[in-house]
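A structural walkthrough
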Amino acid sequence: GNSVTQMEGPVTLSEEAFLTINCTYTATGYPSLFWYVQYPGEGLQLLLKATKADDKGSNKGFEATYRKETTSFHLEKGSVQVSDSAVYFCAFLYNAGNMLTFGGGTRLMVKP
Amino acid sequence: DVKVTQSSRYLVKRTGEKVFLECVQDMDHENMFWYRQDPGLGLRLIYFSYDVKMKEKGDIPEGYSVSREKKERFSLILESASTNQTSMYLCASAYGQGGETQYFGPGTRLLVL
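In short, a report on the structure. (Residues numbered from 1 in each chain as written. Chains lettered and ligands numbered in written order. Predicted model: local features only at pLDDT ≥ 70, side-chain atom pairs only at ≥ 80, totals over all residues. Heavy atoms only, no water.)

Once that is clear, we can look at the overall build of chain B. Each helix and strand counted, chain B has zero helices and eleven strands in total. For chain B, the α and β elements follow one another from N to C terminus as β-β-β-β-β-β-β-β-β-β-β. Relative to the compact-globule value of 13 Å for 113 residues, chain B shows a C-alpha radius of gyration of 13 Å, a close match. Considered along the principal axes of its C-alpha atoms, chain B spans approximately 40 × 30 × 25 Å. Each of the 113 residues in chain B was classed as buried or not, and the buried ones make up 49%. (Helix = DSSP H or I, 4+ residues; strand = E, 2+ residues; numbered from the N terminus. Rg over C-alpha atoms; globule rule 2.2 N^0.38 Å. Buried < 20%, exposed > 50% of the residue type's maximum accessible area, 1.4 Å probe, protein only.)

This is the structure:
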């Protein structure tokens, strides 16, 4: 069935380190792909998205590229900050559908 | 900016109580969703609604019902709360066409004793 697999956390990094959070999906067709972020005590916020193969979503220094051949949408940031500490969720949505499928979330902790 | 609000941030209820969680959005979105979030399980869809008085079951509808009497408001109802319904509940909304971005509320953390 359809699913999203994310690397398990927590991921602990020092400030200014390079971040990669892996995400792969299993789905038929070509869904839209999303990264959502949840800061402590808050709901989910859309971080970035990509709607077709080879698209790159970017926001706040984060990037992810829709790789159809590897069914992946890995999240990257060149230099993390303490304020990036949060839980990150990968998700996909069929372009004609309304039901998001989420990964389990990855907690990122950035230390000064 | 899209605004999705939920009636409570924290709620404590006893087993067997009837619980209402309310969600309101101000962007005239057709679609609204209720999820629960549990550690390690990500978000799981309970119910969604694509129009007033319309609803569809999600992945885990058992023990829950919903109500959508007005376009901007979507209520989640626990008819008889149980301890395994202790969770974070998140509401979201989106435009009616398929594939649209969902916007989330701040969540309600429910504890059932």
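Take the pattern of salt bridges next. Residue and element names in this part refer to chain B. Summed over the entire model, instances satisfying the criterion amount to ten salt bridges over all chains. Two residues, Lys71 and Asp28, come together in a salt bridge whose shortest N-O distance is 3.1 Å. Of this pair, Lys71 sits in the loop between β7 (65-70) and β8 (73-78) while Asp28 sits in the loop between β3 (19-25) and β4 (31-38); the two residues are 43 residues apart in sequence, bridging distant segments of the chain. Residue Arg44 pairs with Asp38 through a salt bridge whose shortest N-O separation is 2.8 Å. The buried category is assigned to Asp38, whose relative accessible area is 11%. The structure contains a network of salt bridges with shared partners spanning Asp28, Glu30 and Lys71. (Salt bridge = Lys/Arg side-chain N within 4 Å of Asp/Glu carboxyl O.)

Let us look at a nonpolar patch on the surface. All names here are of chain B. On the surface, a nonpolar cluster with roughly 260 Å² of combined accessible area is contributed by Val12, Leu111 and Leu113. Assignment of secondary structure puts Leu111 in strand β11 (residues 108-112). Since its relative accessible area comes to 37%, Leu111 is described here as partly exposed. (Patch = residues over 30% accessible without salt bridge, like charges linked within 9 Å, V, L, I, M, F, W, Y side chains within 5 Å. Areas by Shrake-Rupley, 256 points an atom, 1.4 Å probe, with all protein chains shown as cover.)

Glancing now at the state of the cysteines. Note on terminology: a disulfide is the covalent bond linking the sulfur atoms of two cysteines. All names here are of chain B. In this structure the tally under the stated criterion is two disulfides over all chains. Bridging Cys23 to Cys91, the disulfide has an S-S length of 1.9 Å. On the sign convention where negative is left-handed, the bridge of Cys23 and Cys91, at about -75° about the S-S bond, is left-handed. Separated by 68 residues along the polypeptide, Cys23 in strand β3 and Cys91 in strand β9 (residues 87-94) bring together distant segments of the chain. (Disulfide = S-S within 2.5 Å.)

Following the criterion strictly, the structure yields 13 aromatic pairs over all chains and no others. Residues A:Tyr36 and B:Phe104 carry aromatic rings whose centres are separated by 5.3 Å and whose planes lie at 80° to one another, so their mutual orientation is edge-to-face. In this pair, A:Tyr36 is assigned in strand β5 (residues 32-38) and B:Phe104 in strand β10 (residues 103-104), connecting two distinct chains. Each member of the pair, A:Tyr36 as well as B:Phe104, is classed as buried. Note on B:Phe33 and B:Tyr35: the rings are 6.3 Å apart at their centroids and 25° apart in plane angle, and the pair reads as stacked. Here B:Phe33 falls in the buried class, since its relative accessible area comes to 1%. Here B:Tyr35 falls in the buried class, since its relative accessible area comes to 1%. Among the aromatic residues, those joined into a cluster by ring pairs are A:Phe34, A:Tyr36, A:Phe89, A:Phe102, B:Phe33, B:Tyr35, B:Phe48 and B:Phe104. (Phe/Tyr/Trp six-rings, centres within 6.5 Å; stacked < 30°, edge-to-face > 60°.)

Here the focus is the interface of chain B and chain A. The interface of chain B with chain A comprises 23 residues on the first partner and 21 residues on the second. With both chains or domains summed, chain B and chain A bury close to 1600 Å², and 54% of this area falls on carbon and sulfur atoms. In this structure, the connection of chain B to chain A is made through zero salt bridges. Summed over the shared surface of chain B and chain A, the result is five residue pairs in polar contact (both at pLDDT 80 or more). Looking at the side of chain B that touches chain A, its residues break down into nine nonpolar, twelve polar and two charged. (Contact = heavy atoms within 4.5 Å. Buried area = accessible area lost by both parts, 1.4 Å probe. Polar contact = N/O pair within 3.5 Å; in protein donor to acceptor, adjacent residues only side chain to side chain. Nonpolar A, V, L, I, M, F, W, Y, C, P; charged D, E, K, R; others polar.)

Spatial relationships are all this shows, so hold off on functional conclusions.
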